[in-house]
Amino acid sequence: MGSPVLPDLGTEILIPVCAIIGIGFSLFQWLLVSKVKLTPGSAASNNSGGAGKNGHGDYLIEEEEGLNDHNTVLKCAEIQNAISEGATSFLFTEYQYVGIFMVAFAILIFVFLGSVEGFSTKSQPCTYDPLKLCKPALATAGFSTIAFILGAVTSVVSGFLGMKIATYANARTTLEARKGVGKAFITAFRSGAVMGFLLAANGLLVLYIAINLFKLYYGDDWEGLFEAITGYGLGGSSMALFGRVAGGIYTKAADVGADLVGKVERNIPEDDPRNPAVIADNVGDNVGDIAGMGSDLFGSYAESSCAALVVASISSFGINHEFTPMLYPLIVSSVGIIVCLLTTLFATDFFEIKAVNEIEPALKNQLIISTVLMTIGVAIVSWIALPSSFTIFNFGTQKVVKNWQLFLCVAVGLWAGLVIGFVTEYYTSNAYSPVQDVADSCRTGAATNVIFGLALGYKSVIIPIFAIAVSIFVSFSFAAMYGIAVAALGMLSTIATGLAIDAYGPISDNAGGIAEMAGMSHRIRERTDALDAAGNTTAAIGKGFAIGSAALVSLALFGAFVSRAAISTVDVLTPKVFIGLIVGAMLPYWFSAMTMKSVGSAALKMVEEVRRQFNTIPGLMEGTAKPDYATCVKISTDASIKEMIAPGALVMLTPLIVGIFFGVETLSGVLAGSLVSGVQIAISASNTGGAWDNAKKYIEAGVSEHARSLGPKGSDPHKAAVIGDTIGDPLKDTSGPSLNILIKLMAVESLVFAPFFATHGGLLFKIF
């Protein structure tokens, strides 16, 4: 079968070096962002020394832009501090609750997995090769627990660092907007890149170190080693669930409260400093769309890597102890960091943004360039890191696979991600007819806007599902479940670029809010609005990537679970499986109902508080009195922490209850059902919400004759659009993005607990 070109020593050097380069690059980007000072009088001196690219150096700007207005700079710094303090306070409160859960669940993992063999310390026959002896289940329990804690901590740190970077950069983006849209774009994008590269590199480095440390104990028992590593994916996703749900409830409660009272009732602009919910709204962008999305995509990356490693460990790579081919998924991710680094330079250094209409193409080009370069990178990696042919475990048999076939598996996932991204953009960007049709429907009121938006969301599911289906068919035909796992990894291989684009959106949104609150000129607000509008579309693209990769990841995890639980076939015609299938298909609806009602309940309190302040604080509407921002921040914080518990419990407890009481066959049905229905609902919810949001922005911007005929702000069509946007907020930022964590998390949790369920599960069927 041949040996790979890349020696084991080369692999041991390549992976950590690429991770360290990624961390170094993110720190360098942060250093460049930090050169924008938040102190008066530094704006001009900051860039002295001649003209540079993207407006760097041309500091002789018109006085009307307020470049030398010290009060404006001080005001921006003050608002930024308020947003940063609110976000930090919320995350610390959330992490206290999540920390308690993390400890409790870690104990549960240890007890359940340790009890598989009665806490025996003796070596046992291996699951897939009874002639060999493997480490005891107690060891797997201990190392799975350690991996779970590592994944959880890495996820929390990734989300927290992303939030800190975003709140550090938002006011700096606002100040740079005074000098031109190009400089503001670069500041926002570089800040997003800091998060993207930190998360991708940290996730890779921690996983690589964990594998090598675990290997010191496991030695040649690679089956047990990589089974224990699956805890890393479980830890990452369980933290992401709480971060996504709590952050989503927080941001949408504030957003809905601010919009309904401020825009619709009081007819004041978005982010108007007179609105008491405005600080909470800006805090929410960071804790939901930055910290939550960061943890979410880290979870996807960790799970797809773990799924691929588990299947590889019982294939020829693991059986023959071939280190380099075994770590092929990590090598792909390593090359992804280098590819994304080169891609980032196209946005920040190689090309210059000079006009507003160049922003969105620049962001789209990031996706195209990274995909093309990554295809070349994967081809090289597949040639040097894999033998010419090898075998992959396929439900009890070993399937012969060529290295070029595995390359195609990764490539099909990579390009499917790009297709999903562009379809998402088509249905959510106001540059295209679907969103313009939704905006046009506002002529006859909110009801027709809602009808058109829902129809758009349902229709937007078609092409992404076909793209996912083609990926599954091609990758499974070539390399069974391992092929699906590496296809998911292919979709996530450009995660650093994807996250940079995604984080850019909320940073730009905050920048616009700060410009409004600081009383900066209309021209600056137009620039930040243009940045935000492009970011709104790219955020929808990011959600599309997350959902598509979640579908592939959960299917790969499902395959690993079925193999580990020793289920030869999943027959939907058997009652045990079918009841699981129909219950699993219901779970995303139950979960969505919980999260949407949570947003509604929190928003209700927020609306009442904002109304109370407008009615009882003299001079608030006139701008002579300051609103009580802190009370609104507290309402969002308390509501999101309280409301995240029930949806989180539903997701975390379902696999345990089904596995223990109904057994692995019923659980396999639950996983399949939740995957199939969850993906559809997630795509339609995210795109419906994104379309309503951009339909509102289309009317507000008034860039075309058609848009101007629907406006201006405060007109009846605009009010109808605001209502649609308000309904869409919990769909696109709470329920939709959280659903992809539901389908992944249930699958990885089932895989981790598979030995326990296979040994002790199905209590009810045993009794009856």
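Note that this is a predicted model, so its numbers are computed, not measured.

Reading the values: rules and limits
- Residues numbered from 1 in each chain as written.
- Predicted model: local features only at pLDDT ≥ 70, side-chain atom pairs only at ≥ 80, totals over all residues.
- Heavy atoms only, no water.
- Axes fitted to C-alpha atoms, helices over the stretch in contact; angles between N-to-C directions.
- Helix = DSSP H or I, 4+ residues; strand = E, 2+ residues; numbered from the N terminus.
- Left-handed = near helix turned anticlockwise from the far one by under 90°.
- Contact = heavy atoms within 4.5 Å.
- Nonpolar A, V, L, I, M, F, W, Y, C, P; charged D, E, K, R; others polar.
- pLDDT = per-residue confidence, 0-100.
- 1 Å grid on protein atoms, 1.4 Å probe; cavity = no way out; pocket = protein on both sides within 12 Å on 5 of 7 lines; lining within 4 Å.
- Points joined across faces, edges and corners; volume = space filled by probe spheres on them.
- Polar contact = N/O pair within 3.5 Å; in protein donor to acceptor, adjacent residues only side chain to side chain.
- Core = buried A, V, L, I, M, F, W, Y, C linked by side-chain atoms within 4.5 Å.
- Buried < 20%, exposed > 50% of the residue type's maximum accessible area, 1.4 Å probe, protein only.
- Phe/Tyr/Trp six-rings, centres within 6.5 Å; stacked < 30°, edge-to-face > 60°.
- Lys NZ or Arg CZ within 6 Å of the ring centre and 35° of its normal.
- Salt bridge = Lys/Arg side-chain N within 4 Å of Asp/Glu carboxyl O.

## What about the packing of helix α1 (residues 8-34) against helix α4 (residues 137-177)?
Two elements in contact, α1 and α4, have axes separated by 10 Å at closest approach and are oriented at 35°. Relative to α4, the crossing made by α1 is left-handed. On the side of α1, the interface is formed by Trp30, Val33 and Ser34, while α4 contributes Ile165, Tyr168, Ala169 and Arg172. Within the contact of α1 with α4, the residues separate by chemical class into five nonpolar, one polar and one charged.

## A short note on the confidence of the model for the chain
The predicted model of the chain has a mean per-residue pLDDT of 87, with 95% of residues at 70 or higher. This model gives residues 42-67 a pLDDT under 50, and the stretch forms 51 contacts once residues within four places in sequence are excluded.

## Focus on the layout of surface pockets
In this approach a probe as big as a water molecule rolls over the atoms, and the regions it shows empty are the leftover space. The space that makes up the largest pocket amounts to roughly 920 Å³. As for the largest pocket, its lining consists of 32 residues, of which Asp529, Ala530, Ala533, Ala701 and Val703 are closest to the centre. Within the residue set of the lining of the largest pocket, elements represented by two or more residues are α11 (359-385), α16 (495-517), α17 (522-564) and α20 (645-701). For the lining of the largest pocket, the leading source of residues is α17, giving nine residues. Counted by class, the lining of the largest pocket contains 13 nonpolar, eight polar and 11 charged residues.

## Re the side chain of serine 640
Its place among the elements puts serine 640 in helix α19 (residues 629-643). Of the polar contacts made by the side chain of serine 640, one reaches the backbone oxygen of threonine 637; its length is 3.0 Å. Leaving out residues up to four positions away in the same chain, serine 640 has contacts with Phe90, Ala246, Ile249 and Tyr250.

## So, the nonpolar core
Within the largest apolar cluster, 232 residues are counted, with the highest numbers of intra-cluster contacts made by Phe185, Ile229, Tyr328, Ile359, Tyr482 and Phe561. Ignoring sequence-local partners within four residues, the contact set of phenylalanine 185 consists of Ala347, Ile353, Ile359, Ala362, Leu363, Tyr504 and Leu531. Among the nonpolar cores identified, the runner-up in size contains 18 residues, and Tyr427, Ala685, Ala721 and Leu731 belong to it.

## So, the packing of aromatic side chains
Given two aromatic rings, their pairing is described by the distance between the two centres and the angle made by the two planes. Applying the stated rule across the entire model yields 27 aromatic pairs. Geometrically, the ring pair formed by phenylalanine 317 and tyrosine 482 is edge-to-face, given 6.2 Å between the ring centres and 75° between the ring planes. One end of the pair, phenylalanine 317, is in helix α8 (residues 316-319); the other, tyrosine 482, is in helix α15 (residues 462-492), and 165 residues separate them in sequence. Assigned by exposure class, phenylalanine 317 and tyrosine 482 land together as buried. Look at phenylalanine 756 and phenylalanine 757: their rings are 6.2 Å apart centre to centre, the planes differ by 65°, and that puts the pair in the edge-to-face class. Both residues of the pair, phenylalanine 756 and phenylalanine 757, count as buried. Within the aromatic cluster, the residues linked to one another by ring pairs are Phe101, Phe105, Phe112, Phe148, Phe242, Phe753, Phe756 and Phe757. Taking NZ or CZ as reference, lysine 135 lies 4.9 Å from the ring centre of tyrosine 217, over its face.

## Focus: the pattern of salt bridges
Considering all chains together, one arrives at 26 salt bridges under this definition. A salt bridge links lysine 252 to aspartate 733; its shortest N-O distance comes to 2.9 Å. With lysine 252 in helix α6 (residues 222-265) and aspartate 733 in helix α22 (residues 716-752), this pair connects stretches of sequence that are 481 residues apart. Taken individually, lysine 252 and aspartate 733 each receive the classification buried, so the pair is uniform in this respect. Ionic pairing is found between arginine 612 and glutamate 609, a salt bridge with its closest N-O pair at 2.8 Å. Of the two residues, arginine 612 and glutamate 609 are both situated in helix α18 (residues 575-616); the distance of three residues between them amounts to about one turn of the helix. Judged by its relative accessible area of 10%, glutamate 609 is buried. Through salt bridges with shared partners, a single network forms among Lys252, Asp255, Asp532, Asp693, Lys696, Lys697, Asp725, Asp729, Lys732 and Asp733.

## A look at empty space enclosed by the protein
Considering all chains together, one arrives at 13 cavities of 30 Å³ or more under this definition. In this structure, the largest cavity encloses a volume near 300 Å³. Every residue lining the largest cavity is counted, 27 residues in all, and those nearest its centre are Asp289, Asp509, Asn536, Asp693 and Lys732. Residue assignment for the lining of the largest cavity shows that the elements contributing at least two residues are α6, α7 (278-313), α16, α17, α20 and α22. In terms of residue count, α17 provides more of the lining of the largest cavity than any other element does, six residues in total. Counted by class, the lining of the largest cavity contains three nonpolar, six polar and 18 charged residues. Here the second largest cavity defines a volume of roughly 140 Å³. Along the wall of the second largest cavity there are 13 residues; nearest its centre are Leu297, Thr494, Ile495, Gly498 and Phe545.

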